[in-house]
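# Breakdown of the fold
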Amino acid sequence: MKYDYHIIIIGAGSAGLTVASGASGLGAKVALIENRKMGGDCLNYGCVPSKAFLRTAHLAKDITNSREFALDAKLGEVDLKKVMLRVKNVIAEIEPHDSKERFEGLGVKVFLGEPEVIDNYTVKINDQQITGKKLVFATGSTARIPAIPGLDKVSFLTNQTIFDLEKLPEHLVIIGGGPIGLELGQGFRHLGSKVTIIDQNDHLFPKDDAEVWDVMKQVFAKDGVELCLECKVKSISGKDDLKSVIVEMNGEDKAISGDALLVSAGRIPNTKGLSLEKIGVETNNRGYIQTNKKMQTSVKNIFAAGDVTGPFQFTHMAGYQAGKVVPNAILGFGGKSSYTMVPWTTYTKPEVAHIGYTQPWAEQLGIYRDSMSFPLEEIDRAKTDNDRDGFLKLILGKKGKIIGATMVGEKAGEMIPLASLAIAKGMKASAFASFIFSYPTQAEIFQRISFNYLKRSFKDWMKNLIKKIFL
Ligand SMILES: Cc1cc2nc3c(=O)[nH]c(=O)nc-3n(C[C@H](O)[C@H](O)[C@H](O)COP(=O)(O)OP(=O)(O)OC[C@H]3O[C@@H](n4cnc5c(N)ncnc54)[C@H](O)[C@@H]3O)c2cc1C
């Protein structure tokens, strides 16, 4: 059979764009279909706007706290319209990189429109049928809207609409304390809104090591972010300017009322129009497309990457998986995905960053040997900068090799790659002892852990031997 394209990709977000540029770079004839905006969630409604927004919000927090630094600056009235204009300007600056024009310049045929998958080789797009030897589903995910009585009768925000707000909410009520709710919630609090985050769990950051929550609950308390934990949302009522969320807390009903409501209660995969059942692409019980390690679905010529496959919904993971799709789909070989070295950062202030195994995960797998922690407040640069909240924890496997790391700190996301390198190179906890770190840097925390590790491994009999021979 002769196909119009070697590869048809549905979805032009982080995963789809990576497959498109990689495949066309290898000489494949590529079609890329997008039904909304080139760049996907990350550029338009996710990483980029949220991080641009947080930069302003965290600066506002520093201004409010300026007395800690012996200044007396005051945060004037926040014009949210201006803040969001800056957010949009940042998106506009990055947009050309993901644009139709750029990809067409790379030789990719870009279709904007609503596709319908006809069979496992054929896609209908804009009244035209195109065929591809391989299909790639990279359609991402969308905010999950829980079935809460009354939610459909009030206006609410999601990650798709919150960056269009023009007026700072007086009281922002957030349903869902995952990374999106926490980052945005803390950000709005720093800008001056009252913020309440509602979550059914008894603690937040459930995927991170337990010590993270010990630090972060105090941070949120200092910030004045109100948390309603172990709270079950029962119903929602109200009008546009005042919405009441009825929660059950400790067996009693309580109303939390605010002028804005953000729903950040998880994600659902975008699979509309992909005809998954019809063509036999298997999904899990939450609707996420299942793949093998080559990112191949249950239908041999169809691959999937990114949020639509479920685990680890991050841009870097979409890119990583897409990097496996390209050779496997085109050459038939080219590496398998592995999820033992996945980093993630929650961009709160301070940041919470992680790589590899957490302690509970390593324990569960029977590969945990030990862990080493060091508090940030003992690092000189943390003192000069007054960035005292946080720690570094290294998870050690057999023979003392680093297999995971968690860090809380203002620059944790920037520093965690040191641990990534250590894991990738099979380094031990002692490895950083021989590095020369610039003084004073917060990264010295890695060296302090190594020194402690060496001290700890230095047994009494060794000291006695030295005494006898050398002293
Ligand atoms: C508020 C927020 C903040 C985030 N911050 C971070 C962060 O700091 N770091 C990080 O790593 N990750 C972050 N993420 C997650 C990150 O945005 C996603 O993991 C990433 O965008 C996934 O890429 P993707 O290509 O799988 O999906 P997407 O980027 O969503 O791309 C999928 C594309 O497919 C299109 N599409 C969907 N259905 C169809 C269809 N039927 N036909 C054609 N096109 C279709 C969509 O319109 C979209 O353009 C954040 C997410 C949110 C919501």
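Residues numbered from 1 in each chain as written. Predicted model: local features only at pLDDT ≥ 70, side-chain atom pairs only at ≥ 80, totals over all residues. Heavy atoms only, no water.

### Points about the overall build of the protein
Note the threshold: Starting at the N terminus, helices and strands are each numbered in turn, a helix being any DSSP run of H or I of at least four residues and a strand any DSSP run of E of at least two. Note on method: radius of gyration uses C-alpha positions; expected globular size equals 2.2 Å times residues raised to 0.38. Only protein chains enter the area calculation, which uses a 1.4 Å probe; residues under 20% of their type maximum are buried, those over 50% are exposed, and those in between are partly exposed. Here a residue-residue contact requires only that any non-hydrogen atoms of the pair lie within 4.5 Å. A 1.4 Å probe and the Shrake-Rupley method give the accessible areas. Residues count as covered only by the protein chains that appear here. Positive charges come from Lys and Arg alone, negative charges from Asp and Glu alone, with His and the N- and C-terminal ends not counted. By convention, the charge on Lys lies at NZ, on Arg at CZ, on Asp at CG and on Glu at CD.
A count of helices and strands for the protein gives 14 helices and 21 strands. On C-alpha atoms alone, the protein measures out to a radius of gyration of 25 Å, which is about the 23 Å that the 2.2 N^0.38 rule sets for 471 residues. Taken along its principal axes, the extent of the C-alpha atoms in the protein is 85 × 60 × 45 Å. Taking all 471 residues of the protein together, 50% fall into the buried category. Look at the contacts in the protein between residues 6 or more apart in sequence, and 62% of them connect residues 24 or more apart. Total accessible area on the protein stands at roughly 22800 Å², and carbon and sulfur atoms take up 53% of it. Of the charged side chains in the protein, 60 are positive and 53 negative, and the gap between their average positions amounts to 7 Å.

### Regarding the sheet that holds strand β11 (residues 232-239)
Stated formally: A strand pair is defined by DSSP finding two or more bridges across the two strands. Axis lines are fitted to C-alpha atoms, over the contacting stretch for helices. Their N-to-C directions set the angle, which ranges from 0 to 180 degrees.
As summarised here, the arrangement of the three strands in space is β11-β12-β13, forming an open sheet in which the pairing is antiparallel. A strand with exactly one partner marks an edge of an open sheet, and here the two such strands are β11 and β13 (252-258). The average angle at which neighbouring strand axes cross in this sheet is 20°, direction not considered. Alignment of β11 against strand β12 (residues 242-249), held across seven bridges, turns out to be antiparallel.

### A closer look at the layout of surface pockets
What counts is decided by this rule: Definitions used throughout: a 1 Å grid over protein atoms alone; a cavity as a set of points that fits a 1.4 Å probe which cannot get out; a pocket as an open set with protein on both sides within 12 Å along at least five of seven lines; a lining residue as one with an atom within 4 Å of a point. Grid points are joined across faces, edges and corners, and a volume is the space filled by probe spheres set on the points. Residue classes follow a fixed rule: Ala, Val, Leu, Ile, Met, Phe, Trp, Tyr, Cys and Pro count as nonpolar, while Asp, Glu, Lys and Arg count as charged, and any other residue, Gly among them, counts as polar.
The computed volume of the second largest pocket comes to approximately 840 Å³. Around the second largest pocket, the lining is made up of 28 residues, and of these D62, K349, P350, D387 and E410 lie nearest the centre. When residues in the lining of the second largest pocket are grouped by element, the largest group, seven residues, is from helix α3 (residues 47-64). The residue makeup of the lining of the second largest pocket, split by class, is six nonpolar, six polar and 16 charged.

### Notes on the sheet that holds strand β10 (residues 226-228)
Spatially, the four strands line up as an open sheet ordered β10-β9-β8-β14, and their pairing is parallel. The open sheet has two edge strands with one neighbour each: β10 and β14 (260-263). The sheet shows a mean angle of 20° between the axes of neighbouring strands, taken without regard to direction. The sheet contact formed by strand β9 (residues 194-198) and β10 spans three bridges and is parallel. Bridged to T196 within β10 is E226. Against the sheet, helix α6 (residues 179-191) contacts β8 (171-175), β9 and β14, and its axis sits at roughly 160° relative to β9.

### Some words on the packing of helix α1 (residues 14-25) against helix α9 (residues 315-330)
Cut-off, in case you're wondering: Rotating anticlockwise by less than a right angle from the far helix to the near helix defines a left-handed crossing, while the corresponding clockwise rotation defines a right-handed one.
Two numbers describe how α1 lies on α9: the axes approach to 8 Å, and their chain directions differ by 35°. Handedness of the crossing formed by α1 with α9: right-handed. Mapping the contact onto sequence places S14, A15, T18, V19, G22 and A23 in α1 and T315, A318, G319, A322, V325, V326 and I330 in α9. When grouped by side-chain class, the residues that make up the contact of α1 with α9 number eight nonpolar, five polar and no charged.

### Describing the pairing of strand β18 (residues 351-356)
Most of β18 sits out of view: six of its six residues are buried. One ladder, built from four bridges, connects strand β17 (residues 343-346) with β18; its direction is antiparallel. From the neighbouring strand, T345 faces β18, where its bridge partner is A353. Where β18 lies against strand β21 (residues 402-409), six bridges are found, and the strand directions are antiparallel. Opposite G356, over in β21, you have G404 as the bridge partner.

### Brief notes about the packing of α6 against helix α7 (residues 210-223)
Note the cut-off: Working rule for angles: under 35 degrees goes down as roughly parallel, over 145 as roughly antiparallel, 65 to 115 as roughly perpendicular, anything else as oblique.
Relative orientation of the contacting elements α6 and α7 amounts to 30°, with a least axis distance of 10 Å. Judged by the inter-axis angle, α6 sits roughly parallel to α7. α6 and α7 meet at a crossing whose hand is left-handed. For the pair α6 and α7, contact is made by L182, Q186, R189 and H190 and by V219, F220 and D223, respectively. Residues of the contact of α6 with α7, tallied by class, amount to three nonpolar, two polar and two charged.

### Regarding the site of the ligand
Rules: If a single non-hydrogen atom of a residue is within 4 Å of a molecule or strand, that residue counts as near it. Any pair of nitrogen or oxygen atoms within 3.5 Å is treated as a polar contact; in protein, a donor-acceptor pairing is required on top of that, and neighbouring residues in sequence qualify only through side-chain atoms on both sides.
Around the ligand, 36 residues are found, and the nearest of them are A15, E34, K51, D307 and T315. Between the ligand and the protein, one listed contact pairs an oxygen atom with a side-chain N or O atom of D307 at 2.8 Å. For the ligand, whose unbound accessible area comes to 990 Å², protein coverage reaches 94%. For the shell around the ligand, the secondary-structure elements that each account for two or more residues are α1, β2 (30-34), α2 (40-44), α3 and α9. Taken together, the residues of the shell around the ligand break down into 13 nonpolar, 15 polar and eight charged.

### Things to note about α3
For the record, the criterion: Helix span, as expected, comes to 1.5 Å for every residue beyond the first.
Compared with the 26 Å implied by 1.5 Å per residue over 18 residues, the 25 Å span of α3 between its first and last C-alpha is a close match. Within the sequence span of α3, burial applies to V48, P49, S50, A52, F53, L54, A57, H58, A60 and K61. On its buried face, α3 sits against α2, α4 (80-94), α6 and α7.

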